[in-house]
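Remarks on the overall topology
Below are the chains, spelled out letter by letter.
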Amino acid sequence: MYSTPPSTLEEQARERREKLEQQHSVGANLKKLVRVFWWSSLTALLIAGPFALWYTGKAEKWYAVAEVEAIRLSAEFGMTVKNIEVRGREKTDPEALLAAIGQKPGTPIVTFDVDAARERIEQLSWVRDAIVERRLPNTLIVSISERQPVALWQTDHGHTVIDADGAQLQDYELGDYLDLPVVVGADAPEHASEMLTTLKSIPRLFDMVSGAQRIGNRRWNIQLANGMFIRLPEENMDKAWARLDQLDQEHHILSRDVLIVDLRLPDRTFVRLTPGAAEQRRNPPKKGNAA
């Protein structure tokens with residue numbers, strides 16, 4: 001049902017006056033006052049509440065209680081460790097790795113310190129570096145990069161597997177690494193990577209290598225599987241190694257009765273024969289009389 005619009009200007013004016021009186025009535029003003037008081041009280045509480053806690057010395061205790069309650073609620077909502085995913089592990093002992101992770105299934109995942117866990121994991125012998133992540137609501141992801149053995153370091157106490165950084169590895173079967181080249185010398189582990197990189201640059205020569213000795217903390221003597229020794233210089237080791245390859249291709253020097261090939265000087269090569277070959281050269285067999 002529709003109302004009939006006012007028919008005269010006088011009636012329209014009266015209606016407008018009545019609306020204005022309603023808007024400025026005591027009831028309307030009281031409602032506005034209540035709303036202003038409510039918001040003012042809430043703002044004051046938000047500002048004064050933390051200040052009061054701090055002033056009375058109870059803020060730290062209140063925050064501790066709130067933190068414990070938040071952890072409890074997160075566990076009730078299923079945010080606990082249920083899965084631990086490990087990626088990249090081959091040689092690292094699994095029990096030692098789990099102990100380093102340090103988080104048991106069922107504990108709240110929000111309390112897990114990923115940085116502390118990463119530091120513990122990277123202290124394991126075979127771990128080069130690690131990344132530890134939380135995947136809410138219930139999974140830990142541990143990604144590790146393991147060290148790669150490059151040589152056996154020979155000491156007075158036996159042989160130790162080392163990686164390219166010279167790190168000494170642990171928890172392994174020595175028999176699995178007997179095909180690695182043997183390095184000798186107090187500072188051999190720290191310098192083995194550069195030397196091995198040079199030797200591997202010519203694969204066919206590297207396949208002949210059985211070991212290397214660090215001389216005077218300055219340079220290397222390389223031992224081949226046939227018993228021959230290659231004396232490399234302190235500097236430009238790569239050029240000397242390439243020169244050996246050229247000599248062998250042109251003169252087959254590595255298949256002769258040679259004990260030492262000295263490449264320490266850049267412009268000349270010295271060769272020492274095996275004792276038998278040297279004796280034969282000094283006293284060659286006499287030719288028989290012609291029949």
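Higher on the page you've got the structure.
Residues numbered from 1 in each chain as written. Predicted model: local features only at pLDDT ≥ 70, side-chain atom pairs only at ≥ 80, totals over all residues. Heavy atoms only, no water.

1. Here's the deal with the packing of helix H4 (residues 94-101) against helix H5 (residues 114-121)
In plain terms, the rule: Under this scheme, a helix contributes an axis fitted over its contacting stretch, all axes are lines through C-alpha atoms, and angles between N-to-C directions fall in the 0 to 180 degree range. Helix and strand assignments come from DSSP, with helices taken as H or I runs of at least 4 residues and strands as E runs of at least 2, each series counted from the N terminus. Angle categories are assigned with fixed cut-offs, so that under 35 degrees is roughly parallel, over 145 is roughly antiparallel, 65 to 115 is roughly perpendicular, and the rest are oblique. Two helices that cross are described as forming a left-handed crossing if the nearer one is turned anticlockwise from the farther one by less than a right angle, and a right-handed crossing if clockwise. Should any heavy atoms of two residues lie within 4.5 Å, those residues are counted as being in contact. Residues were grouped as follows: Ala, Val, Leu, Ile, Met, Phe, Trp, Tyr, Cys and Pro as nonpolar; Asp, Glu, Lys and Arg as charged; and all remaining residues, including Gly, as polar.
Closest axis-to-axis distance for the H4/H5 pair is 8 Å, and the angle between their directions is 150 degrees. Taken together, the axes of H4 and H5 lie roughly antiparallel to each other. In terms of crossing hand, the pair formed by H4 and H5 is right-handed. For the pair H4 and H5, contact is made by Leu97, Ala100 and Ile101 and by Ala117, Arg120 and Ile121, respectively. Here the contact of H4 with H5 is composed, by residue class, of 5 nonpolar, no polar and 1 charged.

2. What to know about the packing of aromatic side chains
Under the convention used in this document: Pairing of aromatic rings covers Phe, Tyr and Trp, the last counted by its six-membered ring, and requires centre-to-centre distances within 6.5 Å; plane angles under 30 degrees mean stacked, over 60 mean edge-to-face, and any other angle means tilted.
Taken as a whole, this structure holds 2 aromatic pairs when the rule is applied. An angle of 35 degrees between the planes, with centres 6.4 Å apart, marks the rings of tryptophan 126 and tyrosine 177 as tilted. Of the two residues, tryptophan 126 sits in the loop between H5 and strand E2 (127-135) while tyrosine 177 sits in the loop between strand E5 (158-163) and strand E6 (182-184), which places them 51 residues apart along the sequence. When the centroid spacing of 5.9 Å and the interplanar angle of 90 degrees are considered together, the rings of tyrosine 172 and tyrosine 177 count as edge-to-face.

3. Some words on the side chain of aspartate 245
The line we're drawing: Two N or O atoms count as a polar contact when they lie within 3.5 Å, although within protein this holds only if one can serve as hydrogen donor and the other as acceptor, and sequence-adjacent residues are included solely when both atoms are side-chain atoms.
Assignment of secondary structure puts aspartate 245 in helix H8 (residues 237-251). One polar contact links aspartate 245 to arginine 204, side chain to side chain, over a distance of 2.9 Å.

4. Some thoughts on H8
Rules: What a helix is expected to span follows from its residue count: subtract one and scale by 1.5 Å. Only protein chains enter the calculation, and the probe is 1.4 Å; a residue is then buried if its accessible area is under 20% of its type maximum, exposed if over 50%, and partly exposed in between.
If you check H8, its first and last C-alpha atoms are 21 Å apart, about what 15 residues at 1.5 Å a residue would give, namely 21 Å. By the burial criterion, the buried members of H8 are Met237, Ala240, Trp241, Arg243, Leu244, Asp245, Leu247 and Asp248. Of the surrounding secondary structure, the elements contacted by the buried residues of H8 are helix H6 (188-200), helix H7 (203-206), strand E7 (209-215), strand E8 (219-224), strand E9 (229-231) and strand E10 (258-262). The first or second residue beyond H8 is histidine 252, which carries a positive phi of 55 degrees.

5. Notes on the environment of threonine 155
Note on placement: threonine 155 falls in strand E4 (residues 149-155). Placed 28 residues apart in sequence, threonine 155 and valine 183 show a C-alpha to C-alpha distance of 9.2 Å.

6. Some thoughts on the sheet that holds E5
Inclusion rule: In this description, strands pair whenever DSSP reports at least two bridges between them.
As summarised here, the arrangement of the 8 strands in space is E5-E4-E6-E7-E8-E9-E10-E11, forming an open sheet in which the pairing is mixed. In this open sheet, the two strands that pair with only one neighbour each are E5 and strand E11 (270-273). Taking the axes of each pair of neighbouring strands and ignoring which way they run, one obtains an average angle of 25 degrees across the sheet. Sheet analysis places E10 next to E11, joined by 4 bridges and oriented antiparallel. By the bridge assignment for E11, valine 258 is matched with leucine 273. Contacting E4, E5, E6, E7 and E8, H6 crosses the sheet at an angle of about 60 degrees to E8.

7. Notes on the environment of arginine 147
Summarising the element assignment, arginine 147 is placed in the loop between strand E3 (139-146) and E4. Placed 56 residues apart in sequence, arginine 147 and lysine 91 show a C-alpha to C-alpha distance of 9.0 Å. Residues in contact with arginine 147, not counting those within four places in the same chain, are Ser125, Trp126, Val127, Arg128, Asp163, Asp165, Ala167 and Leu169. Here the side chain of arginine 147 touches aspartate 163 through a polar contact of 2.9 Å, side chain to side chain.

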